[in-house]
Amino acid sequence: MAARPAPYLDELNPAQRQAVETMDGPVLMLAGAGTGKTKALTARIVHLLNTGRARPNEILAVTFTNKAAREMKNRVGRMLGETVEGMPWLGTFHSICVKLLRRHAELICADDDDEDGVVEGAPSLHLKSNFTILDTDDQLRLLKQLIQAAGIDDKRWPARQLASVIDAWKNRALTPDKVPSADANAYNNKGVELYDQYQRRLLELNAVDFGDLLLHMVTIFQQHPDILRKYQNWFRYIMVDEYQDTNVAQYLWLRLLAQGHRNICCVGDDDQSIYGWRGAEVGNILRFEKDFEGAHVVRLEQNYRSTPHILAAASGVIRGNSNRLGKELWTEAEHGEKVRLIGHWDGEEEARWIGEEIESMQRGTRGARAMGLDEMAILVRASHQMRAFEDRFLTIGLPYRVIGGPRFYERMEIRDAMAYFRIVTSPDDDLAFERIVNTPKRGLGDKARQTIQMIARQNGVSLLDGATLAVEQGAIKGKGAKALGELVVNIARWGRMTRATVAADGDAVVEDLLTPQPTKTEVSHVELAQIILDESGYTGMWQNDKTPEAPGRLENLKELVKALESFENLQGFLEHVALVMDNDSDDGGAKVSIMTLHAAKGLEFPAVFLPGWEDGLFPSQRSMDESGVKGLEEERRLAYVGITRAEEVCTISFAGNRRVFGQWQSQLPSRFVDELPEDHVEVLTPPGLYGGGYGAAAPSASMSAGVEARAAAADGYNSPGWKRLQARASERPVSQPRESKASVIDMQAVAAFMIGERVFHQKFGYGAVIDVEGDKVEIHFEKAGIKKVVSRFIKPAAE
Ligand code: ATP
Ligand code: MG
């Protein structure tokens, strides 16, 4: 087929073009933020199709978020116009693996069968294609049951801890039998055993957790060379964005698939590796050239996103890391504004100021061009920071959207409704059954539920089947019996209705997944969802509820049913919810985006606000407490990711006081503030607080002595970096030599707490300050007596 004209190639620079036109063999694109890696990757997909080198379904492209996948899909669609039918396999590792795993689920068996997965003899336990994907909540509930059954005190050994141990193993593609002996002491020496039990229990429930999606696919590829070969032949061109954040399991999966044709193109940036805490291994980038010998390495250095000041600020910060490949970026963009830095009294004040700033940027009254709300984003380090912005923006009526934040799908009523959908599509899902059996109240108390559990266990069946047996045997007494009878009959009936809405794709080939067949439908899945919620009595439960939250919950349920419209069937929807990271059900109007720095990866906005640059928040306390620099370096990369999202205006801020989980805490500006290169930063003076700004940093005499001293110190105005910036802002020479952070803390402690002041300590409760010595404060606690504590752990007592 003759290639059509390729305007998309004209938009690329020579290095990008080389990466696009090198279609065969391994290619590694290693380059800094905003250099057009994603753009080149998208163009490469288009080029493969346009030159007739590949058919759409022969291309596998992996992105980091669902949002990124959607964007890439749209861009490919636009570039190609109407000329090519079908779309490439484009999605996250998880969304692609879930599709594949549904096709081969039965190969995942308990370990009583042989290596080929051929089941011998009597029914063996294996996964079925309608498996449920558990969320964290379900996962923890399940682990807790296992922990308690093993007689372990889950207060001392929390389920969460076991969950993270297991996740870490899964991220390393380790099934229970492969966990190395060095890990044998994990979770009080019981980790491996419980992991094994957990995997078995998941099979019984016909469920998988997130980590399993990859782990199971790697297992299948390793144990079934014929299946692997089929997919190797199928996916002839593989592309991966944000490669620096792949974990070992993902890496193995890719390597298995790319063996043979070796047409794999990975793009990444070691400076943007921010998922180490979730098992990502930046070493995968370094290993690429080893694993794929003769790999073509493309380096891009021109940044097309940000102004020079923004780029210089980002480069200045990331230079503080020692473990990096080291790349320099340049740009042809106009100078633009310096990165703006501003300190606030507290988090509320910071949110208020940012709200006003956004409004004035929108009106164009700030001097720069007028910007739309869609062009602005607030990127936070921790999701609890979002609340202050949400509250403020609701108050002033500023439209915003939270991306990947407190998720719609995590609300109680949504989770209940989803449990109904789950039990209907996947009758073995005991966790879903447990959730709904007595919601709404059906008179089925603990005793009735225990009876169901016992019958299910005795007969080796699911709880739903156990309940059916219980009804048949008349094992449940009282008014619950009739209600339970109705429930199991209803679930079976809804199940039949669901299956009538789902395509019978038992033997579907992979193409069928790409172009779903039209289905014969009696009632649409959207109608069915409404029927389930109504007939189960769940909608009625909230209609009769008199609490102030009830109307909101009913609204949410409506939203949920509405959300179903854009899906083929219930199962597809459940999958989506389990996988989706971003909550973007909105009316499409222009809105400011609020999200975490992690969720902002790969995105760009003309104006970016980076609030909460305070030690303990950003960098996080955990990274600061860790020995070694690993955690801190990851935080610094996160700072780099944050700054490099900005195209024209980047505003960094910090607050002197912050309420974290209901407790006031005084804060010091982040060490990253000190690392910003001065020549590229402008210090802003917020109006009002000290009647004329921070220039002289002299809190007014009208303030009471205690508050005054605490304000100056807690605001961190003693930080050397801050002093330097202040001096510059007020054009005074810097008189103070650079000091260590430790002495800053000393100064804070001395000034922060006054003798006689009433304070609060998390562990010892309330007390009065007796003496202050460096960063230690001696306190007479009301209950605990006299103790010396580190000042960081005490707060002024609430008035
Ligand atoms: P990140 O590391 O943050 O993911 P990236 O390297 O993937 O960044 P892109 O998002 O692809 O960078 O590109 C950044 C911006 O630069 C986009 O707005 C893109 O359209 C633009 N861009 C990329 N390449 C070019 C080019 N050759 N000419 C003009 N603009 C370009
Ligand atoms: Mg990118």
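What you see is a predicted model; the values in this text were computed from it and never measured. (Residues numbered from 1 in each chain as written. Chains lettered and ligands numbered in written order. Predicted model: local features only at pLDDT ≥ 70, side-chain atom pairs only at ≥ 80, totals over all residues.)

Along its length, the protein chain carries 31 helices and 21 strands. A sequence separation of at least 24 residues applies to 73% of the contacts in the protein chain between residues at least 6 apart. (Helix = DSSP H or I, 4+ residues; strand = E, 2+ residues; numbered from the N terminus. Contact = placed C-beta atoms within 7 Å.)

With 15 residues, helix H4 (residues 66–80) ought to run about 21 Å at 1.5 Å a step, and its terminal C-alpha atoms sit 21 Å apart, in line with that. Taken together, the buried positions of H4 are Lys67, Ala68, Ala69, Met72 and Val76. Of the surrounding secondary structure, the elements contacted by the buried residues of H4 are helix H3 (37–50), strand S2 (59–63) and strand S3 (89–92). At the C-terminal side of H4, Gly81 shows a positive phi close to 65 degrees. (Expected span 1.5 Å × (residues − 1). Buried ≥ 20, exposed ≤ 12 C-beta atoms within 10 Å, placed from the backbone.)

Next up on the list: the site of ligand 1. Looking at ligand 1, there are 18 residues lining it, with Gly36, Lys37, Thr38, Lys39 and Tyr304 nearest. With three residues, H3 is the largest single contributor of residues to the shell around ligand 1. Classifying every residue of the shell around ligand 1 gives three nonpolar, nine polar and six charged. Taken together, domain 1 (7–101 + 220–302) and domain 2 (311–404 + 589–684) each give at least three residues to the shell around ligand 1, which thus spans both. (Near = placed C-beta within 6 Å. Nonpolar A, V, L, I, M, F, W, Y, C, P; charged D, E, K, R; others polar. Domains from an automatic or database assignment.)

Further remarks concern the packing of helix H6 (residues 136–149) against helix H7 (residues 159–171). Packing of H6 against H7 leaves a shortest axis separation of 9 Å and a crossing angle of 110 degrees. The angle between H6 and H7 places the two elements in the roughly perpendicular class. Contacts between H6 and H7 involve Gln139, Leu140, Leu143, Lys144 and Ile147 from the former and Ala159, Arg160, Leu162 and Ala163 from the latter. Broken down by class, the residue content of the contact of H6 with H7 amounts to six nonpolar, one polar and two charged. (Axes fitted to C-alpha atoms, helices over the stretch in contact; angles between N-to-C directions. Parallel < 35°, antiparallel > 145°, perpendicular 65-115°, else oblique.)

Here the focus is the nonpolar core. With 189 residues, the main nonpolar core has Met29, Met217 and Tyr420 as its most contacted residues. By residue number, the principal contributor to this core is helix H9 (residues 210–223), which donates eight residues. In contact with Met29, other than residues within four places in its own chain, are Ala19, Lys37, Ala40, Val267, Val298 and Leu300. Of all hydrophobic cores here, the second largest spans seven residues; its members include Val772, Ile779, Val789 and Ile794. (Core = buried A, V, L, I, M, F, W, Y, C linked by C-beta atoms within 7 Å.)

Of all residues in the protein chain, 82% have pLDDT values of 70 or greater, and the mean over the chain is 82. Confidence drops under pLDDT 50 across residues 113–119; counting only partners more than four residues distant or on other chains, this segment forms 14 contacts. Throughout residues 581–585 the model reports pLDDT below 50, and contacts reaching past four residues in sequence, or to other chains, amount to 18 contacts. Listed scores for the predicted complex are pTM 0.73 and ipTM 0.99. (pLDDT = per-residue confidence, 0-100.)

Burial along strand S11 (residues 400–403) is two-sided: Tyr400 and Val402 facing one way and Arg401 and Ile403 facing the other are all buried. Of the pairings in the sheet, the one linking S11 to strand S12 (residues 592–596) comprises four bridges and is parallel in character. The residue of S12 that forms the bridge with Tyr400 is Val592. (Pairing = 2+ DSSP bridges.)

Before going further, it helps to examine the UniProt feature "binding site: ATP" (unreviewed entry) in the protein chain. Per the UniProt annotation, the sites labelled "binding site: ATP" (unreviewed entry) are Ala31, Gly32, Ala33, Gly34, Thr35, Gly36, Lys37 and Thr38. Mapped onto the secondary structure, Ala31 falls in strand S1 (residues 27–31). In contact with Ala31, other than residues within four places in its own chain, are Lys37, Asp269, Arg299, Leu300, Glu301 and Lys327. Considering the arrangement of structural elements, one finds Gly32 in the loop between S1 and H3. Take Gly32: there are 26 C-beta atoms within 10 Å of it, and that puts it in the buried class. If sequence neighbours within four positions are ignored, Gly32 has contacts with Asp269, Asp271, Asn303, Lys327 and Leu329. (UniProt positions renumbered as here; feature names shortened; annotations may be inferred.)

In this section: the sheet that holds strand S18 (residues 765–773). One key point about sheets: their strands pair by backbone hydrogen bonds, in either a parallel or an antiparallel sense. With antiparallel pairing, the five strands of this open sheet are ordered in space as S20-S19-S18-S17-S21. On the outer flanks of this sheet lie strand S20 (785–790) and strand S21 (794–796), each paired with one strand and no other. Adjacent strand axes in the sheet meet at a mean angle of 45 degrees, parallel and antiparallel pairs treated alike. As defined by bridge partners, strand S19 (residues 776–781) adjoins S20 across six bridges and the pair is classed as antiparallel. Along S20, the bridge assignment pairs Phe781 with Gly785.

With that out of the way, let us pick up the pairing of strand S6 (residues 237–240). Going residue by residue along S6, you find Tyr237 and Met239 tucked away on one face and Ile238 and Val240 tucked away on the opposite face as well. Two elements, S2 and S6, share four bridges in a ladder whose sense is parallel. Counterpart to Leu60 in the pairing with S6 is Ile238. In terms of strand pairing, S6 meets strand S7 (residues 264–268) through three bridges, oriented parallel. Following the sheet pairing, Met239 is matched in S7 by Cys265. Read as a crossover between parallel neighbours, the route from S6 over helix H11 (residues 248–258) to S7 is right-handed. (Right-handed = clockwise from strand over helix to strand, strands pointing away.)

This next bit is on unusual backbone geometry. For residues that are not glycine, phi is negative in most cases, and the peptide bond is trans in most cases. In the segment running from Thr439 into Pro440, the intervening peptide bond is cis, with an omega of 0 degrees. Topologically, Pro440 is positioned in the loop between helix H17 (430–436) and helix H18 (446–459). Residue Phe618 is joined to Pro619 through a cis peptide bond whose omega torsion reads 5 degrees. Even without being glycine, Asn188 reaches a positive phi, approximately 55 degrees. Residue Asn189 is not a glycine yet carries a positive backbone phi of 65 degrees. Mapping Asn189 onto the fold places it in the loop between H7 and helix H8 (191–204).

This part takes up the environment of Ala481. Here Ala481 shows up in helix H20 (residues 479–501). Separated by 10 residues in the primary sequence, Ala481 and Val471 place their C-alpha atoms 6.7 Å from one another.

Take the sheet that holds S1 next. Taken in spatial order, the six strands line up as S3-S2-S6-S7-S1-S8 in an open sheet, and their pairing is parallel. At either margin of the open sheet sits one strand with a lone partner, and together these are S3 and strand S8 (296–300). Direction aside, the axes of adjacent strands within the sheet are offset by 15 degrees on average. Sheet topology places S2 next to S3; four bridges connect them, and they run parallel. Bridge pairing in S3 places Leu60 opposite Trp89. Strand contacts of H4: S2 and S3, with the helix running at about 155 degrees to S3, the strand carrying the most contacts.

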